[in-house]
Structure formats: C-alpha cells, structure tokens
Amino acid sequence: MIKVSKAFKADTVHMGRLEKGADIIQSLERFCLENNIKAGWVNVIGALEKGTISYYDQQAHMYHHQPLSGEYEIVSCSGNISLKEGKPFAHLHIVLSDTDYQTVGGHLWPGTTAIFAAEFVLFALNGQADSDLLERCPDVQTGLALW
Ligand code: ZN
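Just so it is clear, the structure is predicted and the values come from calculations on it, not from any experiment. (Residues numbered from 1 in each chain as written. Predicted model: local features only at pLDDT ≥ 70, side-chain atom pairs only at ≥ 80, totals over all residues. Heavy atoms only, no water.)

Draft legend 1. Inspection of the side chain of Asp 23 at higher detail. You can see Asp 23 is positioned in the loop between strand S1 (8–18) and helix H1 (24–34). Although Asp 23 is buried, it makes no salt bridge; Lys 50 carries the closest opposite charge, 8.3 Å away. In terms of polar contacts, Asp 23 uses its side chain to reach the backbone amide nitrogen of Ile 25, at 3.3 Å. In this view, Asp 23 contacts Pro 110, Gly 111, Thr 112 and Thr 113; residues no more than four positions away in its chain are not counted. (Helix = DSSP H or I, 4+ residues; strand = E, 2+ residues; numbered from the N terminus. Buried < 20%, exposed > 50% of the residue type's maximum accessible area, 1.4 Å probe, protein only. Lys, Arg positive; Asp, Glu negative; His and termini not counted. Salt bridge = Lys/Arg side-chain N within 4 Å of Asp/Glu carboxyl O. Polar contact = N/O pair within 3.5 Å; in protein donor to acceptor, adjacent residues only side chain to side chain. Contact = heavy atoms within 4.5 Å.)

Right, here's the structure in full:
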C-alpha cells in the first residue's frame, strides 16, 4: 500500500559542477533555496576526498556513521529534494569505490563531504500548488522525518 504520493510536473533540468572541497548536500540545498526548487530528483557522480556514510539502526532508531577519507570515486549518488521545516532538504544515498575498486555505500551524512570533483544533474519538479509539496515530518513508527 502506498502511504504518501504527490503528483509533480517536470520543470527545468539543471546540470553543473560542484566546487572542490564542497559538501554535496549543503551545496545542493543552497542551490535549491536560491533557485526556489522545492521538489526534485538529483544524481551526482565524481570523486570525493572525504565523507561520512551512515545506516539507520531500525531497533535503536539512530544512525551509525562511518567517516571515510582518501581517494573515492562516486559510483552513484542519488536522492530527492523535498521540504523540511519549510526549506529544501536533500536526502541522498551514495556508493563509493576505493583504490582497490571495493565499494561501500549508505545514507550520505550532511556536512561531511569534501568533493574532489563532481557533476550533478538536478531534475526540478513542480507541484500543482504548494499544498502538493512533500514536507518531511517526524514519524513515530520509524523515528525518521518522512513524507
Ligand atoms: Zn537515507
């Protein structure tokens, strides 16, 4: 059963490069704020110098973190843009490969990445009205901020 669903129309597709040393999530959230993007789909590829991946402990209702530093390819980094507390919020997951081509992945923790080089594609979406937007709210069952 679907719990939440909203209909959007595709708007502008933004493509660009992130600044060396920048944080992926903070950069995208700022871009969305500046461009009035309240919903979207995002994909990032490139390379990282550091970052923290996380997983959500479903029993303890808390995130566990794994900081990484070194040379990593961003094999895939994708997620969505919606609203949290009225502001654009990026929820991204990432798969990284190291210098031995081994991959790790998880929930990308905000404010932890230093980009070496990265390119993004952001598909901005428009609701029919502001009431059609997806807003994250605390969910008692999971302990997460969900739609
Ligand atoms: Zn996540």
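Draft legend 2. Molecular detail of the environment of Leu 96. Inspection of the secondary structure puts Leu 96 in strand S4 (residues 87–97). Taking the relative accessible area as the measure of exposure, Leu 96 reaches 2% and is therefore buried. In the structure, Leu 96 is positioned 19 residues away from Cys 77 in sequence and 8.5 Å away in space, judged by C-alpha atoms. In contact with Leu 96, other than residues within four places in its own chain, are Leu 48, Ile 53, Leu 68, Tyr 72, Glu 73, Ile 74, Val 75, Gln 102, Thr 103 and Val 104.

Draft legend 3. Up close: the side chain of Thr 113. Mapped onto the fold, Thr 113 is located in the loop between strand S5 (103–108) and strand S6 (114–127). A residue is classified by how much of its surface remains accessible, and Thr 113, at 5% relative accessible area, is buried. Separated by 2.8 Å, the side chains of Thr 113 and Asp 23 make a polar contact. Looking at Thr 113, its side chain comes within polar contact range of the main-chain nitrogen of Ile 24, at 2.8 Å. Once residues within four sequence positions are removed from consideration, Thr 113 is found in contact with Gly 21, Ala 22, Asp 23, Ile 24, Leu 48, Lys 50, Gly 51 and Leu 108.

Draft legend 4. The coordination of the zinc ion, seen in detail. Only His 91 (NE2), His 93 (NE2) and His 107 (ND1) from the protein reach the zinc ion as donors, at distances of 2.0 to 2.1 Å. Of note, the donors binding the zinc ion are all from one chain and are spaced H-x1-H-x13-H. (Donors = N, O, S within 2.8 Å, 3.2 Å for Na, K, Ca; no water.)

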